[in-house]
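Each chain, written out:
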Amino acid sequence: MSMLEVSKLKVSYGGINAVKGIDLRVDAGEMVALIGANGAGKTTTLKAVSGLLQHGGHVRYNGEDVSRRPAYQLVELGIAMVPEGRGVFGRLTVDENLRMGAYVINDRGLIRGEVDRIYHLFPRLKERRDQTAGTLSGGEQQMLAIGRALMSQPRLLLLDEPSMGLAPLMVEKIFEVVRQISENGVTILLVEQNARLALAMSGRSYVMESGTVTLEGESASLLDNPQVRQAYLGE
Ligand SMILES: Nc1ncnc2c1ncn2[C@@H]1O[C@H](COP(=O)(O)OP(=O)(O)OP(=O)(O)O)[C@@H](O)[C@H]1O
Ligand SMILES: [Mg+2]
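Throughout this description, residue numbers start from 1 for each chain and increase along the sequence as written. To label them, take the chains in the order written and letter them from A, then take the ligands in the order written and number them from 1. Only residues with pLDDT of at least 70 are given local features in this predicted model, and only at 80 or more are side-chain atom pairs given and counted; all residues enter the totals for whole chains, interfaces and linings. The basis for every side-chain value is the complete set of non-hydrogen atoms in the structure, without hydrogens or water.

(A) Geometry of the layout of surface pockets. In this structure, the largest pocket spans a volume of roughly 400 Å³. Cavities and pockets were defined on a 1 Å grid built from protein atoms only: a cavity is a group of points that admits a 1.4 Å probe but offers it no way out, a pocket is an open group of points flanked by protein on both sides within 12 Å along at least five of seven lines, and a lining residue is one with an atom within 4 Å of any such point. Around the largest pocket sit 18 residues that line it, and Val75, Met81, Tyr103, Arg148 and Ala149 are the ones nearest its centre. No other element matches the 4 residues that strand 6 (residues 79-82) contributes to the lining of the largest pocket. Following the grouping adopted for this structure description, the nonpolar residues are Ala, Val, Leu, Ile, Met, Phe, Trp, Tyr, Cys and Pro, the charged ones are Asp, Glu, Lys and Arg, and the polar ones are all others, Gly among them. Residue composition of the lining of the largest pocket, by class: 13 nonpolar, 4 polar and 1 charged. Grid points are joined across faces, edges and corners, and a volume is the space filled by probe spheres set on the points. The volume enclosed by the second largest pocket comes to roughly 160 Å³. Helix and strand assignments follow DSSP, with helices taken as H or I runs no shorter than four residues and strands as E runs no shorter than two, numbered in order from the N terminus. Put simply, the parts of the chain that give the lining of the second largest pocket at least two residues each are strand 2 (16-26) and helix 1 (42-49). Of all the elements, helix 1 adds the most residues to the lining of the second largest pocket, at 3 residues. For the lining of the second largest pocket, the class distribution of residues is 2 nonpolar, 9 polar and 3 charged.

(B) Here's a closer look at helix 1. The buried count for helix 1 comes to 7 of 8 residues, which makes it a mostly enclosed element. Per-residue accessibility, obtained with a 1.4 Å probe over protein chains only, is compared with the maximum for each type, and a residue is labelled buried under 20%, exposed over 50%, and partly exposed between these values. Every buried residue of helix 1 is listed here: Lys42, Thr43, Thr44, Thr45, Leu46, Ala48 and Val49. One or two residues past the end of helix 1 sits glycine 51, with phi positive at roughly 85°.

(C) Region of interest: the packing of helix 6 (residues 138-150) against helix 7 (residues 168-183). Geometry is summarised by axes, namely lines fitted to C-alpha atoms with helices restricted to the contacting stretch, and by angles between N-to-C directions that run from 0 to 180 degrees. Following both chains from N to C, one finds helix 6 and helix 7 inclined at 15°, their axes separated by 10 Å at the closest point. When the interaxial angle is binned, helix 6 and helix 7 end up roughly parallel. The element helix 6 and its partner helix 7 pack so that their crossing is right-handed. Seen from helix 6, the contacting residues are Gly139, Glu140, Gln142, Met143, Ile146 and Leu150; seen from helix 7, they are Met170, Lys173, Ile174, Val178 and Ile181. When grouped by side-chain class, the residues that make up the contact of helix 6 with helix 7 number 7 nonpolar, 2 polar and 2 charged. Any angle from 65 to 115 degrees is called roughly perpendicular, while one under 35 is roughly parallel, one over 145 is roughly antiparallel, and all others are oblique. Should the near helix be turned anticlockwise from the far one by less than a right angle, the crossing is termed left-handed; should it be turned clockwise, right-handed. Contacts: residue pairs with any heavy atoms within 4.5 Å of one another.

(D) Quick peek at the coordination of the magnesium ion (ligand 2). Coordination shells were defined by N, O and S atoms within 2.8 Å of each metal, extended to 3.2 Å for Na, K and Ca; water is absent from the atom set, which can make sites look incomplete. Summarising the metal site, the magnesium ion (ligand 2) is bound by the protein donors Thr43 (OG1) and Glu84 (OE), whose distances to it range over 1.9 to 2.8 Å. With threonine 43 in helix 1 and glutamate 84 in the loop between strand 6 and helix 3 (94-100), the pair connects residues that are 41 residues apart, well separated along the chain. A residue is classified by how much of its surface remains accessible, and glutamate 84, at 37% relative accessible area, is partly exposed.

In structure tokens form, the structure reads like this:
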């Protein structure tokens, strides 16, 4: 049994079918990438999995059908999403943003421990703990968005384009931490435009085109696939 099993997932916005019946799975401990061009349906897929969009088909988490559960319940069950564009609360401080991520935890001591753990992972955030999030750089906001998601102690982390708009050095930093999070045992479903990076980071990958999964397999073999090389690696 996989940790996450998505079957025949369908999402439409009004008359537009954005996701057209895709299947994918993520096993416990894996990092799986979902790549594809703009508008392929990647974000829509993540939103459906995390309970933010109504959908057809099924989403199973640790064997349980969670298709009809609202987002907050999925967070309680251990699924957290880092949204595209980060969505930090600009007027709140770094510290306050992190604490918002812990709304499913009641124990104050536990929350304090989690905040410390995040600051250990991202020392830059610790230095800026009292700064308002809106004044952070793009990279720091991405760190904060990841940190906030980790505050709910997820077992499954859904990451939507963590490299978006960031300089190469910052991308490297962010992905170093993503790898660390993965090594700490958190299962990851990673959506990325940067296919080269996503394929290098992950064990398996899915390629989406116009709402369908067109290719899937070991990331290492997709890196060698001529079709992938031409369409997504710019060769
Ligand atoms: N709220 C919405 N209302 C109507 N159509 C939408 C909405 N959100 C997304 N779409 C459409 O659904 C399709 C898939 O969008 P989605 O955001 O899932 O793509 P994506 O693969 O994440 O793209 P990108 O790499 O640019 O983020 C697109 O054609 C988009 O225009
Ligand atoms: Mg997207």
